[in-house]
Amino acid sequence: MTTASHHPFWKRYYYSYLESFLGFLVPVGSQVYTVEPSTTAPHRAMFPTSQYEYIVASDVLGNTPDIVEFLQSARRALTDDGRVVLTQYSALWEPILRLATTLGWRRAVVEQNWLSMYDLYNFSHLAGFDVVKSGKKMLIPIYIPLISTFFNTVVANIWPFTHFCLFHYAVLRKAQRPGLIKNPSFSIIVPARNEAGTIEKIVTELSNVGAYTEIVFVEGNSTDNTYAEIERVAAKYGTKRKIIYAKQTGKGKGDAVRKGFDLATGDILSIYDADMTVPAGEMQKFYEALVADKGDFINGSRLVYPLEKDSMRVLNFFANKFFSLAFSWILGQPLKDTLCGTKVLWKRDYVRIQAGRSFFGDFDPFGDFDLLFGAAKLNLKIIDLPIHYQERVYGATNISRWKHGWLLLKMTLFAARKIKFI
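Within every chain, residues take consecutive numbers counted from 1 along the sequence as written. Under the rules for a predicted model, residues below a pLDDT of 70 receive no local features and side-chain atom pairs below 80 are neither given nor counted, while totals for whole chains, interfaces and linings still include all residues. Water and hydrogen atoms were dropped before computing side-chain values, which therefore reflect all heavy atoms in the structure.

Undergrad: Sorry if this is basic, but what is going on with the packing of aromatic side chains here?
TA: In this description, a pair of aromatic rings is defined by centroid distance and the angle of the planes. Two rings from Phe, Tyr or Trp (for Trp, the six-membered ring) form a pair when their centres are within 6.5 Å of each other. A pair whose planes differ by under 30 degrees is stacked, one over 60 is edge-to-face, and the rest are tilted. Inspection of every chain in the model, using the stated rule, returns 19 aromatic pairs. An angle of 85 degrees between the planes, with centres 6.4 Å apart, marks the rings of Tyr-14 and Phe-167 as edge-to-face. Residue Tyr-14 is located in helix 1 (residues 9-25), and its partner Phe-167 is located in strand 5 (residues 167-174); the two are separated by 153 residues in the primary sequence. Clustering of aromatic rings is evident, with ring pairs tying together Tyr-14, Tyr-15, Tyr-17, Phe-21, Phe-167 and Tyr-169. Only DSSP runs of H or I reaching four residues or more are called helices, and only runs of E reaching two or more are called strands; each is numbered from the N terminus.

Undergrad: What is the right way to read the sheet that holds strand 3 (residues 78-89) from this model?
TA: In sheet architecture, strand pairing relies on hydrogen bonds along the backbone and comes in two forms, parallel and antiparallel. In space, the 5 strands of this open sheet follow the order 1-2-3-5-4, with mixed pairing throughout. Across the chains shown, the open sheet's two edge strands, defined by having one partner strand only, are strand 1 (32-35) and strand 4 (129-137). Mean inter-strand twist for the sheet, computed between neighbouring axes without regard to direction, equals 15 degrees. A pair of strands is considered paired only if DSSP assigns at least 2 bridges between the two. One ladder, built from 8 bridges, connects strand 4 with strand 5; its direction is antiparallel. Within strand 5, the residue paired with Lys-137 across the bridge is Phe-167. Here the axes come from fitting lines to C-alpha atoms, over the contacting stretch only for helices, and the angles between their N-to-C directions go from 0 to 180 degrees.

Undergrad: Quick question: what am I supposed to make of the environment of Lys-343 here?
TA: The residue Lys-343 is located in strand 11 (residues 343-346) in this model. Lys-343 sits 42 residues away from Leu-385 along the chain, and the two C-alpha atoms are 9.4 Å apart. Throughout, a contact is declared for two residues whenever any of their heavy atoms are within 4.5 Å. With residues near it in sequence (within four places) discarded, Lys-343 still touches Leu-269, Ser-270, Ile-271, Phe-297, Ile-298, Asn-299, Thr-338, Asp-368 and Leu-372. Within polar-contact distance, the side chain of Lys-343 engages the backbone oxygen of Cys-340 at 2.4 Å. We call two N or O atoms a polar contact when they sit within 3.5 Å, provided that within protein one can donate a hydrogen and the other can accept it, with sequence-adjacent residues counted only if both atoms are side-chain atoms.

Undergrad: What should I look at first to understand the side chain of Asp-337 in this one?
TA: Tracing the backbone shows Asp-337 in the loop between helix 10 (314-331) and strand 11. There is a polar contact of 3.1 Å between the side chain of Asp-337 and the backbone nitrogen of Leu-339. Here Cys-340 takes part through its backbone nitrogen, which lies 3.4 Å from a polar atom of the side chain of Asp-337. Aside from chain neighbours lying at most four places away, what touches Asp-337 is Asn-299, Gly-300, Ser-301, Arg-302, Leu-303, Asn-320, Ser-324 and Asp-384.

Undergrad: What is the right way to read the nonpolar core from this model?
TA: Put simply, buried Ala, Val, Leu, Ile, Met, Phe, Trp, Tyr and Cys residues joined by side-chain atoms within 4.5 Å make one nonpolar core. Buried residues are those whose accessible area, probed at 1.4 Å on protein chains only, stays under 20% of the maximum for their type, while exposed residues exceed 50% and partly exposed ones sit between those limits. Of all hydrophobic cores here, the largest spans 57 residues; its most connected members are Val-85, Phe-261, Phe-327, Leu-331 and Phe-373. The element that contributes the greatest number of residues to this core is helix 1, accounting for 9 residues. Beyond its immediate stretch of four places on either side in the chain, Phe-261 contacts Ile-189, Leu-269, Ser-270, Ile-271, Leu-345, Tyr-350 and Leu-371. Core analysis: the next-biggest nonpolar cluster, separate from the first, contains 35 residues, Val-203, Ile-230, Tyr-237 and Ala-289 among them.

Undergrad: So what exactly am I meant to see when it comes to unusual backbone geometry here?
TA: The linkage connecting Trp-159 with the following residue, Pro-160, adopts the cis geometry, with an omega of 5 degrees. The residue Pro-160 is located in the loop between helix 5 (147-153) and strand 5 in this model. With a phi close to 55 degrees, Gln-176 is a non-glycine residue in the positive phi region. Inspection of the secondary structure puts Gln-176 in the loop between strand 5 and strand 6 (186-192). By relative accessible area, which is 55% here, Gln-176 ends up exposed. We note that Asp-293 has phi near 65 degrees; this positive angle belongs to a residue other than glycine.

Structural data, given as structure tokens:
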């Protein structure tokens, strides 16, 4: 898009903010096609034949005579994993913008389409897209020292002030992508610390799906005989199941998950907690949801079906509710349960998350938030899949409510600063 320096000085702050925000939404190094806005001529559905990873259309749809046709043409110019980024000023600001035109502060423009957030969702659906995330930004479009920054980075993200923001934004992905891998292989990473009593049960109860299913155990400095049990079970079932195992050299579940992902050879990566609080048979549902392209990242949710007695303490339940609401707001996508250990994604997407990990840093000892933050930054569509959560069948939890709860709260504030208040 035209850079801020090419605009009159009173418009430069708005365009500078917009450039910065779009730079945050579009990953560095992406192949991008930008549709330049026009205030005098209608935008027609004309795109190059090249396949782009990102198409950016900022302040374009208001002057587009056929929005569905425009988006369908954009869809044809995208790679299967590509994204469309839309921004459009809110109809609520139309009287103010008309006044600015009358006073000579804004050039005269052709009559604009009045587009709400609902309209962006509806047109996207009609054109064959899913909305990955959306939101509203900017309360003050002119530069007032200190005030503009505070209102646009903080106040604009807080209800009810969000309703008065200048522009909407949405990130779209293709629905029903034809180029996905057929019959992909499945890697199930099982971090295991003091879980000797469940190892054989995990191997016998996890389903075989896809081209092959492999189980990757990462043993994490147990005080019981977990590692010896993994060796025994791998020897016993090695001719029937593909089993990989290793000792963890670092600390924390997050470190174990990353080691397991590095060892995995499958097209799809998943995490399965060794306490078996998620029934092993339900892992197939996660695989099927990803293969059916229901989302790019399938996240388990324990907060839909009734919980087994003693499977989750009352305080933990309310903490989970709090973190799910907080992260839905921060990430711009609805999440029912951020703390469920079961998560599934394509390996190619994990490689991209891994490559961009420096944006957040190595901050997460659990691994759940590292993946969620990375997926959100890459505009992956995160979908909840409800599971039947049950009481653990062996041992005791490795989670400390107060110590880890405080750590989770700090990570929530960290995520808000890095993702929301920008």
